[in-house]
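Examining the three-dimensional arrangement
One letter stands for each residue in the lines below.
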Amino acid sequence: MTNILIVDDSRTSRRHLRTLLEEEGLNVCGEAVNGEEGYQEYKKLSPDLVTLDITMPVLDGLEALKKIKTDFPNANVIMVSAAGQKNKLVEAVKLGASDFITKPFEKENLMTTIKRVLAI
Amino acid sequence: MFGFYFGKYLRDKGLLTQDKYDEILAEMNTARVKMGLMAVTENLMTTKQADEINRLQALKDKRFGDLAVEKGYLTDEQVGGLLKKQGDPYLLFVQGLTEKGILTLDEIDNELKLYQQEQNFSEDELAALKSGDIDRIVPLFIKAPGISDLAKEHIALVARNMVRFIDNTVTIAAAEIVSDYEAEYMARQDLEGDFYLLTAFCGDGIKEMAVKYGNEEFSQVDEDALDAVCEFLNCNNGLFASKLSEEDKVIDMLPPLMYVNPVKIRANQIIKIPFIVFGKQIYLLLKYGNDFEINS
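Here we summarise the structure given alongside this text. The shown structure was predicted, so the numbers you read here are calculated from the model rather than taken from an experiment.

Side chains that are three or four residues apart share a direction in an α-helix, a result of its 3.6 residues per turn. All names here are of chain A. Every buried residue of helix H2 (residues 35-45) is accounted for by Gly35, Gly38, Tyr39, Glu41 and Tyr42. Angularly, the buried residues of H2 cover 165° about the axis, an arc narrow enough to put them on a single face. Turning to H2, the residues buried within the fold contact strand E1 (3-7), strand E2 (27-32), strand E3 (49-53) and helix H3 (61-71). Capping of H2 at its N-terminal end is provided by Asn34; its side-chain oxygen lies 3.0 Å from the backbone amide nitrogen of Glu36. Looking one or two residues beyond H2, the residue adopting positive phi is Ser46, at roughly 45°.

Written as structure tokens, this is what we have:
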């Protein structure tokens, strides 16, 4: 089973994303509400994939991405952003993010992205 | 859209009951089919193409027809034809009033003149309201001096998203500039970069907005409900930032802030825009610059 970690400060976003993933038979193994917590959860859970929101308190998505990719270069990371964060997404790809999805979530796009990243 | 404004005026005057108003709107909604659905049923677009345009609408602040033309799925002429088939919202509302025996055409004409005087609308402005086109309607309500063109664009964007994501019967009222505002609760997100901008939603309709956008029941306005409203704010601000980036302006969105207790904001020029959502008041607050005080 594919295990996914959701890192997003918004409860609404986490809830929407979890629902969409579970409807597709994917397992959400954990949730974190900021980048630092996300990094710690990643170390603990070793998920197949992590979704990282860009705008978060404490440690934002880009900083969390740097920490995760430094310690786990093969980590599969999908960035989550609102529209209008193109510059940050470009930076994220340079830092090693595999792909990105945009809020509000759309199931078909979400699943296409996940399948492409995990090659499943 | 015209019916929401003129309908409220008629209800306030006791000329139209809420039940009859709801009936007319329900009939109008049945008559007015969404453009995507019409394009598919008329074999002008495939379902996949229509879905793609619906998805793009969440990323780009553009209308269905404009995006479909951009993608080459529809021509300008086809969009024009579909708009015609959708029907004129003004005529549909008037038809509802007369067919139900609520007002005669002469009475409607008379009330319309009184409404125009009351609102101080020119003939062109009344025509804009009758058009049902939100891009023509919003400017009628953001005429207060001191509202920049950029702020006007932002307000129009929020109004379009209110229609798209929250309540397609939303109405906007006259925006005003205030120097302080006290809210029972508030969902806030600031943007910083080439300029600083505070954005916030508050008002009695926060719960209804949260229920709709969060697709979840909330019994009260708590952090979870405000979180859902913050996500809607974030969606609007993302589209606004996207528009700015096309003009080479750089702006970043900061993490949202939620106030579950009374909060007071003081500043020189706060733009306060009232909306009615599901019959309740929502205020959009915009404050350009970081020279504000906020206490909760």
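Take the pattern of salt bridges next. All names here are of chain B. Taken as a whole and assessed by the stated rule, the structure comprises 35 salt bridges over all chains. A salt bridge links Arg63 to Asp135; its shortest N-O distance comes to 2.6 Å. With Arg63 in the loop between helix H4 (47-59) and helix H5 (64-70) and Asp135 in helix H10 (residues 134-137), this residue pair connects regions lying 72 residues apart in the sequence. Overlapping salt bridges bring together Arg63, Asp66, Asp133, Asp135 and Arg160 as one network.

A separate point is the nonpolar core. A general feature of soluble globular proteins is that nonpolar side chains tend to end up buried together. If you look at the biggest cluster of nonpolar residues, it comprises 83 residues, and the most contacted ones within it are Phe6, Phe93, Met162, Phe201 and Phe275 of chain B. Sort the elements by how many residues they give to this core and helix H13 (residues 223-246) of chain B lands first, with 12 residues. Counting 20 residues, the second-largest nonpolar core is a separate cluster that includes Met56, Leu59, Leu65 and Ala97 of chain A.

Let us now look at the interface of chain A and chain B. The partner chain B presents 24 residues to the 21 residues of chain A that form the contact. Regarding the contact of chain A and chain B, the summed buried area is about 1,800 Å², with carbon and sulfur atoms giving 52% of it. The interface formed by chain A and chain B contains five salt bridges. Across the salt bridge formed by Asp224 of chain B and Arg11 of chain A, the nearest N and O atoms sit 3.4 Å from each other.

Turning our attention to unusual backbone geometry. Here Lys103 of chain A and Pro104 of chain A are connected by a cis peptide whose omega angle stands at -5°. The backbone phi angle of Asn120 of chain B is positive, close to 60°, even though this residue is not glycine. Along the chain, Asn120 of chain B falls in the loop between helix H8 (105-119) and helix H9 (123-131). Positive phi outside glycine occurs at Asn215 of chain B, with the angle close to 50°. Of note, Asn215 of chain B is situated in the loop between helix H12 (206-214) and H13.

All names here are of chain A. Summarising burial for E1: four of the five residues are buried, a large majority. Bridging between E1 and E2 involves five bridges; their strand directions are parallel. Bridging across to E2, Leu5 finds its partner in Gly30. In this region the chain leaves E1, passes through helix H1 (residues 11-23) and returns to the parallel neighbour E2; the handedness of that crossover is right-handed.

The rules behind these values
- Residues numbered from 1 in each chain as written.
- Chains lettered and ligands numbered in written order.
- Predicted model: local features only at pLDDT ≥ 70, side-chain atom pairs only at ≥ 80, totals over all residues.
- Heavy atoms only, no water.
- Buried < 20%, exposed > 50% of the residue type's maximum accessible area, 1.4 Å probe, protein only.
- Helix = DSSP H or I, 4+ residues; strand = E, 2+ residues; numbered from the N terminus.
- Arc of directions from axis to C-beta.
- Contact = heavy atoms within 4.5 Å.
- Polar contact = N/O pair within 3.5 Å; in protein donor to acceptor, adjacent residues only side chain to side chain.
- Salt bridge = Lys/Arg side-chain N within 4 Å of Asp/Glu carboxyl O.
- Core = buried A, V, L, I, M, F, W, Y, C linked by side-chain atoms within 4.5 Å.
- Buried area = accessible area lost by both parts, 1.4 Å probe.
- Pairing = 2+ DSSP bridges.
- Right-handed = clockwise from strand over helix to strand, strands pointing away.

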